[in-house]
Amino acid sequence: MSSREVHRETVAACAPWSWTLGRGQVLTIVDLDGNQAVDFLAYDAHDTSRAYSAQTTLQAQDSVFLTTGSVLRDNESDALLTVVADEVGRHDTLGGACSRESNTLRYGHHTWAQHACAENFLAELSRHGMGKRDHVANVNWYMNVPVDPDGALGIVDGISAPGLSLSLRAEKDVLVVVSNCPQVNNPCNGFDPSRAEMIVTEPA
Amino acid sequence: MSSTTSTTAGARDHARAQEGTVVDAMPTVPAAGAGALPEGVVADQVVWAETIAGGGYGHRVLAAGTTVRLTDPTGDACAGTLLHHAGMPWERLNVADTVKVQWQVYTAAGQLLLSDQGRVLATVLTDTSGHHDAVYGASTRSRNQERYGDGSPQGRSPAGRELFLLGAGKHGLGRRDLPPSVSFFQGVRIDEAGHPVWRGSAGPGASLTLRTELPVVLLLANAAHPLDPRPEYTVGPLEVLAWRGRPTTPDDPLWCATPERRRAFENTADLRKGLGL
């Protein structure tokens, strides 16, 4: 099926971004330089109290990882987006976003002033009239968070590579909010945040 | 013929005669009247004693340093749990930080329930169950409608999220105030491919104690776990007993159990001091 490009934009390393997808439109996220974590939230564009929910998403699928066919659901279990293409094969639903506050726990109080995804989300959500209450646990595209048999989990080296992408089809009008993760203390982006490209298409 | 409640005086007498009725799911008021206290706890310290029915919910504002004992008498309770900082509910339980910061997805004694602000809302002090879940959260109305034919909060198979909404509403909170939750007494493991493995409960009589480290609103939704494979909606009563004490101090072995936990306790102690607590 042919498609028409609606929008194309490169999100700088560490920067936030948002876009409202119309129902049926497809967002393709390209990991331009490889091994970049793209933190991702989604909301019903007409009722932003309906936010992406990691927990309802996992209730309805047989794996804690996301890949082609996975449906991202809101807090009432309604479908927001479907992963329709995925060149990486594993994305995280458990780890959430980095924040200045959690960085102080994970690495030490010296990280307090560093840029973090929670700051990106607060800044970008505020542009849509939303606030901290609306900041819930997010998807981490390209981030690799294995769970060991004893329950140990952690962010480890990514399995993405330059140019790999995934595509999401909007199942209704959806506001997507992105933090192109600025984390420099763990391997989620190889300790070196990099660019991501956002391409919005629709059926021709 | 007029009934005994056809007059104001008769209706009043009828209403007043109900006092003293005892049912299975109810609070003990005052809580100091609760029987069978744990060793070392005196009646005067008890602040909350309640049995929450299966399909019911509980909620309470608790001071920092309160110990909350949850007990599953039948093996069928499922204590969906949320914590908000009392009076500052924009600070609330963050399940992702809780599992990520502590490098551990399974709840056990010693686990801290962390807020989104790098602080400890509550500490898991003791646990005889080991069957808990921080991944799948509460069921939704539509999921229970599909599985059991009803997910409404006062119907026969209430969804956990609907019960959380009612509890949150009593504290002026709404839909945007409900982050991911944890569930006590019904467990799920994740295999290495990422698939869920249902473990259910540890059986009748398991209990768990939490110690609050800040003033909190504790919300409990006692609803069937969303992955419970049993075809019938199954959830038993949940017993709650809470008593006053002190938050965790630096001389407690938990304080320095890991560097991440020590920093979380340090952040929390500084805030308490700033609040004059």
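As the structure is a computational prediction, the values presented were derived from the model and not from experiment. (Residues numbered from 1 in each chain as written. Chains lettered and ligands numbered in written order. Predicted model: local features only at pLDDT ≥ 70, side-chain atom pairs only at ≥ 80, totals over all residues. Heavy atoms only, no water.)

**Some remarks on the overall build of chain B**
- The helix and strand inventory of chain B stands at 5 helices and 13 strands.
- The C-alpha radius of gyration of chain B comes to 20 Å, within 12% of the 19 Å expected for a compact globule of 277 residues.
- Taken along its principal axes, the extent of the C-alpha atoms in chain B is 75 × 45 × 35 Å.
- Among the 277 residues that make up chain B, the fraction classed as buried is 56%.
- Partitioning the intrachain contacts of chain B with sequence separation of at least 6 by distance along the chain shows that 72% fall at a separation of at least 24.
- Per element, the accessible surface of chain B, about 11,600 Å² overall, is 52% carbon and sulfur. (Helix = DSSP H or I, 4+ residues; strand = E, 2+ residues; numbered from the N terminus. Rg over C-alpha atoms; globule rule 2.2 N^0.38 Å. Buried < 20%, exposed > 50% of the residue type's maximum accessible area, 1.4 Å probe, protein only. Contact = heavy atoms within 4.5 Å. Areas by Shrake-Rupley, 256 points an atom, 1.4 Å probe, with all protein chains shown as cover.)

**Re the layout of surface pockets**
- A volume near 330 Å³ is recorded for the largest pocket.
- Taken together, 24 residues line the largest pocket, and the ones lying closest to its centre are K132 and H135 of chain A together with N94, D97 and D116 of chain B.
- The set of elements that each furnish at least two residues to the lining of the largest pocket consists of α2 (100-106) and α3 (117-126) of chain A together with α2 (95-101) of chain B.
- Within the lining of the largest pocket, the residues separate by chemical class into 11 nonpolar, 7 polar and 6 charged.
- Taken as a whole, the second largest pocket spans an internal volume of roughly 260 Å³.
- Every residue lining the second largest pocket is counted, 14 residues in all, and those nearest its centre are A49, T51, E239, V240 and L241 of chain B.
- Secondary structure elements with two or more residues in the lining of the second largest pocket: β1 (46-52), β3 (67-72) and β13 (238-243) of chain B.
- Its residues placed into classes, the lining of the second largest pocket shows 6 nonpolar, 5 polar and 3 charged. (1 Å grid on protein atoms, 1.4 Å probe; cavity = no way out; pocket = protein on both sides within 12 Å on 5 of 7 lines; lining within 4 Å. Points joined across faces, edges and corners; volume = space filled by probe spheres on them. Nonpolar A, V, L, I, M, F, W, Y, C, P; charged D, E, K, R; others polar.)

**Details of the interface of chain A and chain B**
- Of the residues lining the interface, 43 residues belong to chain A; the matching set on chain B comes to 46 residues.
- Taken together, the two surfaces of chain A and chain B that pack against each other cover about 3,900 Å², and 50% of this comes from carbon and sulfur.
- A per-residue breakdown of the area chain A buries against chain B is headed by Q55, Q59 and L105 of chain A, which together make up 20% of the total.
- Summed over the shared surface of chain A and chain B, the result is 5 salt bridges.
- When the shortest N-O distance is used, the salt bridge between D177 of chain B and R133 of chain A registers 2.7 Å.
- In this structure, the connection of chain A to chain B is made through 27 residue pairs in polar contact (both at pLDDT 80 or more).
- For the side of chain A that touches chain B, the elements supplying multiple residues, two or more each, are β5 (47-51), α1 (54-59) and α2 of chain A. (Buried area = accessible area lost by both parts, 1.4 Å probe. Salt bridge = Lys/Arg side-chain N within 4 Å of Asp/Glu carboxyl O. Polar contact = N/O pair within 3.5 Å; in protein donor to acceptor, adjacent residues only side chain to side chain.)

**Focus on the pairing of strand β10 (residues 174-180) of chain A**
Residues and elements named next belong to chain A.
- In terms of residue burial, β10 counts as a mostly covered element, since 7 of its 7 residues are buried.
- Along β10, one buried face is formed by V174, V176, V178 and N180 and the opposite face, lined by L175, V177 and S179, is buried too.
- Here strand β2 (residues 16-21) pairs with β10 via 6 bridges, running antiparallel. Counted as the bridge partner of W17 is V178 from β10.
- Bridge analysis of strand β4 (residues 38-44) against β10 gives 7 bridges, and the strand direction is antiparallel. Along β10, the bridge assignment pairs D39 with S179. (Pairing = 2+ DSSP bridges.)

**Examining empty space enclosed by the protein**
- One pass over the full model with this rule turns up 7 cavities of 30 Å³ or more.
- Approximately 220 Å³ is the volume attributed to the largest cavity.
- As for the largest cavity, its lining consists of 21 residues, and the residues nearest its centre are S53 of chain A together with R161, L178, P179 and P180 of chain B.
- The set of elements that each furnish at least two residues to the lining of the largest cavity consists of α1 of chain A together with α4 (160-169) of chain B.
- Looking at the lining of the largest cavity, the element that brings in the most residues is α1 of chain A, giving 4 residues.

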